[in-house]
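Okay, here's what each chain looks like letter by letter:
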Amino acid sequence: GESVGLHLPTLSVQEGDNSIINCAYSNSASDYFIWYKQESGKGPQFIIDIRSNMDKRQGQRVTVLLNKTVKHLSLQIAATQPGDSAVYFCAERRYNQGGKLIFGQGTELSVKP
Amino acid sequence: GAGVSQTPSNKVTEKGKYVELRCDPISGHTALYWYRQSLGQGPEFLIYFQGTGAADDSGLPNDRFFAVRPEGSVSTLKIQRTERGDSAVYLCASSLMGPGDREAFFGQGTRLTVV
């Protein structure tokens, strides 16, 4: 079935290092991919998105890369900070289905000071 | 408030009881979504409202689950005859127009525990 999934459930990095979180998807018809950050006890928070016709998009300290050939998405966080510790989800937004989000399992990022 | 508000934050109920979970979306947002998140998993879509009407309820697991949005603002998710498997965090999200919006804003969720 259609799904959006992640390669690794946990990632531990040193403060100041760069982090890379990966995601695989299976729906070739996806329009948008979105990364969310979820801290304990909170709802998901939008970080950055990318249209399916792009291969790279940059934000503040974050970069999303999309490889449609292998159906792979990644989130790069530069100079990771303790405040970046959270669970990160990739999600696909389906505009032809009311804009609902299809989420993957998530990767827990832990930043060591 | 400026964000999506969900009440209560936590709800503990006995198996077989009825519960209602409330969502106050961002003012002016016409699209409202309910999701359910089990421990260690990503949120799963339940239902989508455009205005007062349920445009897509394909994610509701069975007929014990029902949601309303009578005035196109506040929404209530209702669960009848609760089961232990219903225990999860129930998230609500809203967006300005609907499918074409880039961003949906989530509330903090209601943690439902069925004992």
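So, a few notes on the structure that sits alongside this text. The structure presented is a predicted model; accordingly, all values stated were derived computationally and were not measured.

Cut-offs used in this document
Residues numbered from 1 in each chain as written. Chains lettered and ligands numbered in written order. Predicted model: local features only at pLDDT ≥ 70, side-chain atom pairs only at ≥ 80, totals over all residues. Heavy atoms only, no water. Contact = heavy atoms within 4.5 Å. Buried area = accessible area lost by both parts, 1.4 Å probe. Salt bridge = Lys/Arg side-chain N within 4 Å of Asp/Glu carboxyl O. Polar contact = N/O pair within 3.5 Å; in protein donor to acceptor, adjacent residues only side chain to side chain. Helix = DSSP H or I, 4+ residues; strand = E, 2+ residues; numbered from the N terminus. Disulfide = S-S within 2.5 Å. Core = buried A, V, L, I, M, F, W, Y, C linked by side-chain atoms within 4.5 Å. Buried < 20%, exposed > 50% of the residue type's maximum accessible area, 1.4 Å probe, protein only.

### Section: the interface of chain A and chain B
Part 1: Contact residues are listed per partner, giving 22 residues for chain A and 23 residues for chain B.
Part 2: Carbon and sulfur atoms supply 48% of the area buried between chain A and chain B, which totals about 1700 Å² over both sides.
Part 3: Connecting chain A to chain B are one salt bridge.
Part 4: The interface formed by chain A and chain B holds four residue pairs in polar contact (both at pLDDT 80 or more) in total.
Part 5: For the side of chain A that touches chain B, the elements supplying multiple residues, two or more each, are β4 (32–38), β5 (45–51), β9 (86–94) and β10 (100–103) of chain A.

### Considerations on the state of the cysteines
All names here are of chain A.
Part 1: All chains considered together, the criterion is met by two disulfides over all chains.
Part 2: Between Cys23 and Cys90 runs a disulfide, and the two sulfur atoms are separated by 1.8 Å. Sign of the S-S torsion, about 50° for the bond between Cys23 and Cys90, identifies this disulfide as right-handed. Taken together, the positions of Cys23 in strand β3 (residues 19–25) and Cys90 in strand β9 put the pair 67 residues apart, joining distant regions of the chain.

### Brief notes about the nonpolar core
Part 1: Trp34, Leu46, Ile47, Leu77 and Tyr90 of chain B are the most contacted members of the largest nonpolar core, which has 20 residues in total.
Part 2: Of all the secondary-structure elements, those providing two or more residues to this core are β3 (19–24), β4 (31–37), β5 (44–50), β7 (65–68), β8 (75–79), β9 (88–95) and β11 (110–114) of chain B.
Part 3: Within the second largest apolar cluster, 19 residues are counted, among which are Phe33, Ile48, Ile77 and Val111 of chain A.

### Here's the deal with the pattern of salt bridges
Part 1: Applying the stated criterion across every chain, the model contains seven salt bridges over all chains.
Part 2: Across the pair Glu39 of chain A and Lys42 of chain A runs a salt bridge, and its minimum N-O distance is 3.7 Å.
Part 3: For Glu39 of chain A, a relative accessible area of 29% corresponds to the partly exposed category.
Part 4: Residue Asp86 of chain B pairs with Arg64 of chain B through a salt bridge whose shortest N-O separation is 2.8 Å. Of this pair, Asp86 of chain B sits in the loop between β8 and β9 while Arg64 of chain B sits in the loop between β6 (53–56) and β7; the two residues are 22 residues apart in sequence, bridging distant segments of the chain.
Part 5: Asp86 of chain B sits in the buried class, given a relative accessible area of 3%.
Part 6: Several salt bridges converge on common partners, so that one network encompasses Arg64, Glu83 and Asp86 of chain B.

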